[in-house]
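# Structure at a glance
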Amino acid sequence: MATPQPNQIQHYPVGGGLKYLFTKTMTQDDMLGLALVGDSKSFLTSLPKPMLDEIGIRWLEIEIYTPTSNKIWVTIYYDRAIKNFRLEKIAWVEVLVKSDFKVGDKIACWSLYHADLGPNGILALLIEKVTNQ
């Protein structure tokens, strides 16, 4: 099976490294802060050390792009309880509302990393509902 590509998100920065991370069905727990699964952990732990330290020690602001939102700033952090990366609830709620994501929706997620921007690069996630085509 071919690696999924974002096909609904129109306005995200071109260039940079686009990497498919996961497809999952949204759970009630995801409504409280999306748990990043699949290849997310291996991708995020491969980021430059200063960026990874920021995520692990406190949090890091990243950009989220969806089909209905050009850019929303969301905080990503390492959740020691589930031993995984998670998006912080308050800003994630804005993404949920603007994108009309609900429990039971199947979503796909890609990372977009621009290593040449800023001192350690800029990280974004692209998230869209999976549609039956």
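Residues numbered from 1 in each chain as written. Predicted model: local features only at pLDDT ≥ 70, side-chain atom pairs only at ≥ 80, totals over all residues. Heavy atoms only, no water.

## Focus on the side chain of D79
Our working definition: Each helix corresponds to a stretch of at least 4 residues labelled H or I by DSSP, and each strand to a stretch of at least 2 residues labelled E; elements are numbered beginning at the N terminus. Residue exposure (1.4 Å probe, protein chains only): buried if accessible area is under 20% of the type maximum, exposed if over 50%, otherwise partly exposed. Counting of polar contacts relies on pairs of N or O atoms within 3.5 Å, with two restrictions inside protein: one atom must be capable of donating a hydrogen and the other of accepting it, and residues adjacent in sequence are counted only when both atoms are side-chain atoms.
Structurally, D79 can be placed in strand β4 (residues 69-79). Using a relative accessible area of 15% as the deciding quantity, one classes D79 as buried. Engagement of the side chain of D79 in a polar contact is seen with the backbone nitrogen of A81, the distance being 2.9 Å. A polar contact of 3.2 Å, which involves the side chain of D79, links it to the side chain of R86.

## Things to note about the sheet that holds strand β5 (residues 84-87)
Through backbone hydrogen bonds, the strands of a sheet pair up, either in parallel or in antiparallel fashion. Here is the rule we go by: One requirement defines pairing of two strands: DSSP has to find at least two bridges between them. For this analysis, residues touch if any pair of their heavy atoms sits within 4.5 Å. Under this scheme, a helix contributes an axis fitted over its contacting stretch, all axes are lines through C-alpha atoms, and angles between N-to-C directions fall in the 0 to 180 degree range.
Strand order across the open sheet formed by 7 strands is β1-β6-β7-β3-β4-β5-β2, with mixed pairing between neighbours. Whereas interior strands pair on both sides, the edge strands pair on one side only; in this sheet they are β1 (17-25) and β2 (35-36). Here β2 pairs with β5 via 2 bridges, running antiparallel. Residue pairing in the sheet places A35 in a bridge with R86 of β5. Its contacts with the sheet place helix α2 (residues 49-57) against β3 (60-66), β4, β5, β6 (106-114) and β7 (122-129), and it is angled at close to 75 degrees to β4. Across the face of the sheet, helix α3 (residues 89-99) comes into contact with β3, β4, β5 and β7 while running at roughly 140 degrees to β4.

## Notes on the environment of L47
Note on placement: L47 falls in the loop between α1 (40-44) and α2. When the C-alpha positions of L47 and V74 are compared, they lie 18 Å apart, and in sequence the two are 27 residues distant. Sequence-distant contacts of L47, that is, excluding residues within four places in its chain, are made with L52, I55, Y113 and L123.

## Brief notes about the pattern of salt bridges
Here is the rule: Every case where a carboxyl oxygen of Asp or Glu lies within 4 Å of a side-chain nitrogen of Lys or Arg is listed as a salt bridge.
One pass over the structure, following the stated rule, counts 10 salt bridges. Here R58 ties to E54 by a salt bridge, and the two come within 3.6 Å at their closest N and O atoms. Exposure remark for E54: the relative accessible area of 31% places this residue in the partly exposed category. If you follow the salt bridges from partner to partner, you end up with D29, D79 and R86 in one network.

## Notes on the environment of L112
Mapped onto the elements of the fold, L112 is located in strand β6. Of the residues examined, L112 reaches a relative accessible area of 1% and is grouped as buried. Each C-alpha atom, one on L112 and one on L123, is 5.9 Å from the other, the two residues being 11 residues apart in sequence. The contacts of L112, once residues within four sequence positions are left out, are Y12, P13, G15, G16, G17, L18, I122, L123, A124 and L126.

## Some remarks on the nonpolar core
How we decide: Within this scheme, the nonpolar core is defined by two criteria: the residues are buried Ala, Val, Leu, Ile, Met, Phe, Trp, Tyr or Cys, and they are joined through side-chain atoms within 4.5 Å.
L34, L36, I76, L87, W92, L125 and I127 are the most contacted members of the largest nonpolar core, which totals 30 residues. Among the elements that line this core, the one with the most residues is α3, at 4 residues. Ignoring sequence-local partners within four residues, the contact set of L36 consists of F22, L44, I76, N84, F85, L87 and L125. Judged by nonpolar contacts, the second largest core, of 7 residues, contains I9, A108, A124 and L126.

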